[in-house]
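Examining the three-dimensional arrangement
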Amino acid sequence: MTTSTTREILADLVAFDTTSSRSNLPLIRYVRDYLAGFGIEAEIFADDAGDKANLWATIGPPGPGGFILSGHTDCVPVDGQAWTSPPFALTERDGRLYGRGSTDMKGFLASVLAAVPALVAGKLREPVHLAFSYDEEVGCTGVRAMIARLAGRGEKPAACLVGEPTDMRVVVGHKGGRGYDCLVTGSEAHSSLAPRAANAIEYAAELVVFIRRLAAELALGPADEEYDVVHSTISTGRIRGGTAVNIVPRTCALTFEFRNLAEVMPDAIFGRIAAYAEEELVPAMRRQAPEASIGFEMLYDYPAHGIDPAHPLVTRIKNAVGHNGHGKVAYGTEAGLFQRDFGVPTVVCGPGSIDVAHKPDESILPSQLDLCDAALRRLLLG
Ligand SMILES: [Zn+2]
C-alpha cells in the first residue's frame, strides 16, 4: 500500500459532501477501505435508518486501555454562503487550503489517517483507537450510540484526544449546551373579549422575562475566569405567535438555549423554568382556557467538558504539541460525552482555527497540518 500525505487524504475527505443532513457512508467506506489496506479492520456502527455511521478501529497491541483519537465526519451546510471556490474540492490559494470541513474537522481526520502507516509499523505501547462520528454538528448526537455500545461491552480506553480546531492549543474545558423548543397554547378570541381568553403571546412573554431573570441570577456565579463570558448563560433565541391585531392569539412558540459551566447543572436550570410554567403560568391560563398548556421539547444537549490542567494526560498532550499553555473554549465538542458517558479523561486539541469554521471559504494552513502530524507521532510513538 502506498502511503498518502495528510494533504492528499484531506482532499479526498473534503470531496465527500458530508453535510449533517446527508449520509456520511461514502466517507466511512473510504476510511474503512483505507484502513483495510493496512490490515486494520474497522467496526461500523450504523444508525437506525442505516444511512449514517460511526467508525471505530483499533491499531496496535490488543488489550485494555488505549488512546482514542476522536473526530466527527460531518460538516455544516454551505447553503446561502458565498464561496470563492467549490466548497467540496480542496483548493490551494494564497498559501491556504480551502474547503468545507478543511478545519472543522477533516484536517484532523486526515492527519490521523496519514499517521496510520507509522502507527502500524511502529512500536505502540498501547492500542490506538480511531473514533469517527456523524451528526456532531447537530448536537453531538451520532457519537452517543457508539460510546454506549463500547461502554456496554466493557471497553475502557485510558485517554481521548478530540481533534476539534484549536490551532493546536491544548483545551481543558468547554461549557455544556442545551436548547429547547417551547409551545405555549392558550385560547383564541375576538380581541374585544380579551379578558375571556388566555393570550399565548402574553404568557410566553412572562416566560421570556423569567428566563431573563434566571440569566441575571446565573451571572452572579459560579464563574470561571478562563472563559470570555465567565458565567453560565441562558437566552431566548426566537419567538413566533399570533395572526392579527384583533385576535387574541392561541399559540406562541419560542426557543431558548443555555450554556452551562461544568459545576452548573442544566437539569436544575430547566427544572426552574418548567416549574414556573407548570405552577404559575398554566394555572393562571386555565382560568380562561381549561385546555391551556405549556410544552417543552429538548432540541440538543451536550455536557460540559473539563479536565484538571494538572492531569497527566494534559501534560502528555502539551509535551506532544510542544508548548505549555492551556485554555478553555466557547464552543461545544464531543469531549464531554467521552468523559461523562465513557469515563475517559479527554483533552481537545487539533489543527486549524475555529474562527474560520462554519463560514464561507473555510480553510486551514498547511503548517497546522504539519504540526498535527508531528504531534500525533510524538504522542503515540515518542
Ligand atoms: Zn467540529
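Residues numbered from 1 in each chain as written. Predicted model: local features only at pLDDT ≥ 70, side-chain atom pairs only at ≥ 80, totals over all residues. Heavy atoms only, no water.

**Let's talk about the nonpolar core**
The biggest cluster of nonpolar side chains holds 54 residues, and the ones touching the most others in it are L35, F67, L69, L113, L130, L161 and I317. Examining the composition of this core, we find that ten residues originate from one element, helix α3 (residues 102-121), more than from any other. Those residues in contact with L161 that lie beyond four places of it in its chain are F67, I68, L69, S70, F108, I317, V347, V348, C349, L376 and L379. In this structure, A198, L254, F258 and A277 belong to the second largest nonpolar core, which totals 33 residues. (Core = buried A, V, L, I, M, F, W, Y, C linked by side-chain atoms within 4.5 Å. Buried < 20%, exposed > 50% of the residue type's maximum accessible area, 1.4 Å probe, protein only. Helix = DSSP H or I, 4+ residues; strand = E, 2+ residues; numbered from the N terminus. Contact = heavy atoms within 4.5 Å.)

**Observations concerning the pattern of salt bridges**
On inspection of all chains with the given rule, the structure shows 17 salt bridges. A salt bridge links R100 to E362, with the nearest nitrogen and oxygen atoms 2.7 Å apart. Here the residue R100 occupies a position in the loop between β5 (96-98) and α3, and E362 occupies one in the loop between β17 (346-348) and β18 (363-364), the gap between them amounting to 262 residues. In this structure, R100 and E362 share a single accessibility class: buried. For K328, the salt bridge is made with D224, and the minimal N-O distance between the two is 2.5 Å. On the criterion of sequence distance, the pair formed by K328 in strand β16 (residues 326-329) and D224 in the loop between α5 (200-218) and β11 (233-241) is long-range, its members being 104 residues apart. We classify K328 as partly exposed; its relative accessible area is 24%. A cluster of three or more residues bridged by salt bridges with shared partners is formed by E43, R153 and E155. (Salt bridge = Lys/Arg side-chain N within 4 Å of Asp/Glu carboxyl O.)

**Brief notes about the coordination of the zinc ion**
Bound to the zinc ion are the protein donor atoms H72 (NE2), D104 (OD), E164 (OE) and E164 (OE), situated 1.8 to 2.6 Å from the metal. Between the four donor atoms coordinating the zinc ion, the angles at the centre fall across 53 to 143°, so the site counts as irregular. Between consecutive donors of the zinc ion, the numbers of intervening residues give the motif H-x31-D-x59-E. Taken together, the positions of D104 in helix α3 and E164 in the loop between β7 (159-162) and β8 (170-174) put the pair 60 residues apart, joining distant regions of the chain. This pair shows no difference in class: D104 is buried, exactly as E164 is. (Donors = N, O, S within 2.8 Å, 3.2 Å for Na, K, Ca; no water. Tetrahedral: all angles 85-135°; square planar, octahedral: opposite > 155°, others 65-115°.)

**Here we look at the packing of aromatic side chains**
Using the criterion set out here, one finds nine aromatic pairs in the structure. Between Y180 and F256 the ring centres are 5.4 Å apart and the planes differ by 25°, which places this aromatic pair in the stacked class. Remark: F256 occurs in strand β13 (residues 251-260) and Y180 occurs in strand β9 (residues 176-185); sequence separation between them is 76 residues. Relative accessible area serves as the criterion here: at 2%, F256 is assigned to the buried category. (Phe/Tyr/Trp six-rings, centres within 6.5 Å; stacked < 30°, edge-to-face > 60°.)

**Brief notes about the sheet that holds β18**
The strand order across the open sheet formed by three strands is β4-β5-β18, and the pairing between neighbours is antiparallel. Pairing within the sheet leaves two strands with one partner each, and these edge strands are β4 (91-93) and β18. Examined bridge by bridge, β4 and β5 share three bridges and lie antiparallel to one another. Residue pairing in the sheet places R93 in a bridge with R96 of β5. (Pairing = 2+ DSSP bridges.)

**Comments concerning the domain arrangement of the protein chain**
It is common to give the size of an interface as the accessible area lost on bringing the parts into contact. Taken domain by domain, the protein chain comprises domain 1 (6-174 + 304-381) and domain 2 (183-302). The distance between the C-alpha centroids of domain 1 and domain 2 comes to 37 Å. In this assembly, 15 residues from domain 1 lie in contact with ten residues from domain 2. Buried area between domain 1 and domain 2, both sides added, is near 940 Å², and the carbon and sulfur share of it is 49%. Looking at the side of domain 1 facing domain 2, the largest losses of area belong to R144, A304 and K328, adding up to 48% of the total buried there. Taken together, the connections running from domain 1 to domain 2 amount to two salt bridges. Across the pair E226 and K328 runs a salt bridge, and its minimum N-O distance is 3.9 Å. On inspection of domain 1 and its partner domain 2, the count reaches three residue pairs in polar contact (both at pLDDT 80 or more). Of the residues in the side of domain 1 that touches domain 2, the class split is five nonpolar, eight polar and two charged. (Domains from an automatic or database assignment. Buried area = accessible area lost by both parts, 1.4 Å probe. Polar contact = N/O pair within 3.5 Å; in protein donor to acceptor, adjacent residues only side chain to side chain. Nonpolar A, V, L, I, M, F, W, Y, C, P; charged D, E, K, R; others polar.)

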